[in-house]
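# Coordinate analysis (summary)
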Amino acid sequence: MMDKTAPSTLKDLDGLDEISTNPFDDDKLKEECGVFGIFANDDAAAHTVLGLHALQHRGQEAAGIVTYDGKQFHTQKRMGHVADNFNSQPMIESLPGRNAIGHVRYSTTGGSALRNVQPLFADLSSGGFAVAHNGNLTNAWALRKVLVDKGAIFQSTMDSEVLIHLIATSTYLSLADRVIDALRRIEGAYSVVALTQDSLVGARDPLGVRPLVLGQLADGCYIFASETCALDIIGAEYIRDVEPGEIITITKDGLKSDKPFNKVKARPCIFEHVYFSRPDSVTDGKSVYTVRKDIGKELAKESSVDAEVVIPVPDSGTPAAIGFAQEAGIPFELGIIRNHYVGRTFIEPSDQIRNLGVKLKHNANQCEIKGKRVILVDDSIVRGTTSIKIVDMMRQAGASEVHMRIASPPTTNSCFYGVDTPEKDKLLASRMDVEAMADHIGADSLAFISIDGLYRAVGEDSRDNDTPQYCDACFTGDYPTKLTDQELGEDDRQYSFLTD
Ligand code: SF4
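Described below are features of the structure shown in this document. Note that the structure is a prediction, hence the values are computed from the model and not measured.

## Notes on the environment of Ser 281
Relative to the assigned elements, Ser 281 resides in the loop between α9 (271-276) and β17 (282-283). Using a relative accessible area of 1% as the deciding quantity, one classes Ser 281 as buried. As for Ser 281 and Asp 232, which are separated by 49 residues in sequence, their C-alpha atoms are 8.9 Å apart. Excluding residues within four positions of it along the chain, Ser 281 makes contact with Glu 227, Thr 228, Cys 229, Lys 286, Ser 287 and Val 288.

This is the structure:
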């Protein structure tokens, strides 16, 4: 698993130069958000801080928490990491109440200003309502245009605000029906936690693209979280996944489940298994770590090659590399060693120093590489910039051959479901075939796991091409929802003169 908590750039204090300190993570798809919610707990804010800390890998740009104390809502939002901002007793005391929701964010829709940090809060006719959202609505701009034309005034550029306006303007009487009415009108991917004056709500889109799990503490209080690792950190038990299309409402009377949408076959994001989720989480009922090892085993069955050593690209390639080595019967070694203590430093602005940037965080472990045929295992190739550096690092360390093996199929398409992906034409695999990619990154050979191999690793016989079991659109281009905003184009999107 990658450490996305480390700073991605070093900036010299005089503004002399900027250099990547996390070069192996720069060229990855970025997960967008993590959500957490807890109901009827004396330490609601503190538990939410811990839960968000466990979900930090899902978004490092900003974090926010909303609590309700029985009389009023309280909120704190900060740019930066959870541990850097929600780390003091006064901060926890500023968030009183037994009910809370929280959010960590990597911006997808909307810019990076504090006004775009979730949870969002609104005073509805039914009372206060706070919402935090993981995912991306694919018709948010189309809906926003309709709402603005009717007089709605938006405070942020987030698609989540569309949801609040839809709830506020729904003609249904009860809040529950208004929420259902609003969710029926949106397209795309969402896992939502919401806090009202008397309830905590967790909802997942009908396809279940983004994850959301339900947990419980020993005293009976319920928790929603994007991943089970956020339950583990507070000692809560994993009960089950919130089902695709399910809305769970927690009140003082207990838990109520509604499934108001037409049933469709679920298509959770298969990339959660490859990269996004923490390896100690359970996603779709499966251990992420075990699935990643199985991906490595399938990859070895499909494309092993004569070599002396299997080396993971740290950290996200590690479980797949272990599986690969076990299946291929080739020794697994840590051939790239990571420095965990990279922080701010002074950098001279010369090309020579800039090119050394990769070594600030990672260094080749020569004794395991020199004179050997090396198999490098990574989780994905996005632009290919990192792969070039790693292959070169192996050659500089004396590898006689470098064979790159990738634990996902070629990433050929952008994601519109809440994952930060480059434009399609920036994706290396959309521009080149595998042979050309191998040449481009300087590897002796390159192979990706097949789409059916990936499906076997997650426990399926193969991909069902008529009704696929997962969203795999970034590999196949087979998007499971309409992409209304994409069809709309970019022209109509300036609704605000505020800049981020
Ligand atoms: S397009 Fe890819 S990253 Fe996006 S939801 Fe689908 S599988 Fe996940």
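## Considerations on the packing of aromatic side chains
Aromatic rings considered in pairs are described by the distance between their centres and by the relative angle of their planes. Within this structure, the stated rule accounts for eight aromatic pairs. Look at Phe 73 and Phe 121: their rings are 4.9 Å apart centre to centre, the planes differ by 50 degrees, and that puts the pair in the tilted class. Here the residue Phe 73 occupies a position in strand β6 (residues 73-79), and Phe 121 occupies one in strand β8 (residues 120-124), the gap between them amounting to 48 residues. Summarising the aromatic geometry, the rings of Phe 416 and Tyr 479 are spaced 5.4 Å apart at their centres and angled 50 degrees between planes, so their arrangement reads as tilted. Remark: Tyr 479 occurs in the loop between α18 (473-476) and α19 (484-488) and Phe 416 occurs in the loop between β23 (401-406) and β24 (419-420); sequence separation between them is 63 residues. Of the aromatic side chains, those joined through ring pairs into one cluster are Phe 271, Tyr 275, Phe 276 and Phe 475.

## Thoughts on the sheet that holds strand β7 (residues 99-105)
Read from one edge of the open sheet, seven strands run β6-β5-β7-β4-β13-β12-β14, paired in antiparallel fashion. The open sheet has two edge strands, β6 and β14 (237-241), and neither has a second partner. Taken over all neighbouring pairs, the strand axes of this sheet differ in orientation by 15 degrees on average, direction set aside. Alignment of strand β4 (residues 33-38) against strand β13 (residues 222-225), held across three bridges, turns out to be antiparallel.

## Brief notes about the pairing of strand β11 (residues 200-204)
For β11, the buried fraction is high: five of the five residues fall into the buried class. The side-chain alternation of β11 yields two buried faces, one formed by Leu 200, Gly 202 and Arg 204 and the other by Val 201 and Ala 203. Linkage of strand β10 (residues 188-196) to β11, two consecutive antiparallel strands, is achieved through a turn of three residues. Pairing geometry for β11 and strand β15 (residues 247-251), over four bridges, is antiparallel. By the bridge assignment for β15, Val 201 is matched with Thr 249.

## Focus on the site of the ligand
Taken together, the neighbourhood of the ligand is formed by 13 residues, with Arg 210, Cys 269, Cys 415, Cys 471 and Cys 474 sitting nearest. Within the residue set of the shell around the ligand, elements represented by two or more residues are α9 and α18. Class assignment for the residues of the shell around the ligand results in eleven nonpolar, no polar and two charged.

## Examining the packing of helix α5 (residues 140-149) against helix α6 (residues 160-169)
With their axes 10 Å apart at the nearest point, α5 and α6 run at an angle of 45 degrees to one another. It follows from the interaxial angle that α5 and α6 lie oblique. Between α5 and α6 lies a crossing of left-handed hand. Along its contact with α5, which presents Ala 140, Leu 143, Arg 144 and Leu 147, the element α6 presents Val 162, His 165, Leu 166 and Thr 169. Of the residues contributing to the contact of α5 with α6, the split by class is five nonpolar, two polar and one charged.

## Quick word on the sheet that holds strand β9 (residues 127-137)
Ordered in space as β8-β9-β10-β11-β15-β16, the six strands form an open sheet in which the pairing is antiparallel. Two strands bound the open sheet, and with one partner strand each, they are β8 and β16 (254-258). Adjacent strand axes in the sheet meet at a mean angle of 20 degrees when their direction is disregarded. Sheet topology note: the β8/β9 ladder contains five bridges and is antiparallel. If you follow Leu 120 over to β9, its bridge partner there is Val 131. Against the sheet, α6 touches β8, β9 and β10, its axis set at about 10 degrees to β8.

## Overview of unusual backbone geometry
Residue Gln 118 is joined to Pro 119 through a cis peptide bond whose omega torsion reads 0 degrees. Within the fold, Pro 119 resides in the loop between β7 and β8. Note that the residue after Pro 314, namely Asp 315, is joined by a cis bond; omega there is -10 degrees. Topologically, Asp 315 is positioned in the loop between β19 (309-312) and α11 (318-328). Although it is not a glycine, Ala 40 adopts a positive phi angle of roughly 60 degrees. Within the secondary structure, Ala 40 sits in the loop between β4 and α2 (44-54). Although it is not a glycine, Asp 284 sits at a positive phi angle of roughly 50 degrees. Following the sequence through the fold, Asp 284 ends up in the loop between β17 and β18 (286-287).

## Quick notes on the environment of Leu 166
Structurally, Leu 166 can be placed in helix α6. With relative accessibility at 1%, the residue Leu 166 sits in the buried group. Between the C-alpha atom of Leu 166 and that of Ile 186, which follows or precedes it by 20 residues, the distance is 9.2 Å. With near-sequence residues (within four places) excluded, Leu 166 lies in contact with Leu 143, Leu 147, Ala 182, Arg 185 and Ile 186.

## Overview of α6
Of all the ten residues making up α6, eight are buried; the element is thus mostly covered by neighbouring parts of the structure. For α6, the full list of buried residues reads Ser 160, Glu 161, Val 162, Leu 163, Ile 164, His 165, Leu 166 and Ile 167. Buried positions along α6 lie against β8, β9, α5, α7 (175-185) and β10.

## Some thoughts on the packing of helix α10 (residues 288-303) against α11
In contact at an axis separation of 6 Å, α10 and α11 are set at 45 degrees when each is read in the N-to-C sense. When the interaxial angle is binned, α10 and α11 end up oblique. For α10 against α11, the interelement crossing comes out right-handed. Mapping the contact onto sequence places Tyr 289, Arg 292, Lys 293, Gly 296, Lys 297, Leu 299, Ala 300, Lys 301 and Ser 303 in α10 and Pro 319, Ala 320, Ile 322, Gly 323, Phe 324, Gln 326, Glu 327 and Ala 328 in α11. Of the residues in the contact of α10 with α11, the class split is eight nonpolar, four polar and five charged.

Rules of the game
Just so you know, the residues in each chain are numbered from 1, in the order the chain's sequence is written. Since the coordinates come from a predicted model, pLDDT governs what is reported: local features require at least 70, and pairs of side-chain atoms require 80 or more to be given and counted, while whole-chain, interface and lining totals use all residues. The basis for every side-chain value is the complete set of non-hydrogen atoms in the structure, without hydrogens or water. Only DSSP runs of H or I covering at least 4 residues are called helices, and only runs of E covering at least 2 are called strands; the numbering of each starts at the N terminus. Partly exposed describes any residue whose relative accessible area lies between the buried limit of under 20% and the exposed limit of over 50%, with all areas from a 1.4 Å probe on protein chains only and scaled to the type maximum. Note on contacts: a residue pair is in contact if any heavy atoms of the two residues lie within 4.5 Å. Ring pairs are drawn from Phe, Tyr and Trp, using the six-membered ring of Trp, whenever the two centres fall within 6.5 Å, and their geometry is named by plane angle: stacked under 30 degrees, edge-to-face over 60, tilted for the rest. When DSSP finds two or more bridges between two strands, those strands count as paired. In this analysis, axes come from line fits to C-alpha atoms, helices being fitted only over the stretch in contact, and the angle between any two N-to-C directions falls in the range 0 to 180 degrees. Proximity is defined per residue: any heavy atom of the residue falling within 4 Å of a molecule or strand makes that residue near it. Residues were grouped as follows: Ala, Val, Leu, Ile, Met, Phe, Trp, Tyr, Cys and Pro as nonpolar; Asp, Glu, Lys and Arg as charged; and all remaining residues, including Gly, as polar. By the definition adopted for this analysis, an angle is roughly parallel if under 35 degrees, roughly antiparallel if over 145, roughly perpendicular if from 65 to 115, and oblique otherwise. Put simply, a crossing is left-handed when the front helix is turned counterclockwise from the back one by less than a right angle, and right-handed when it is turned clockwise.

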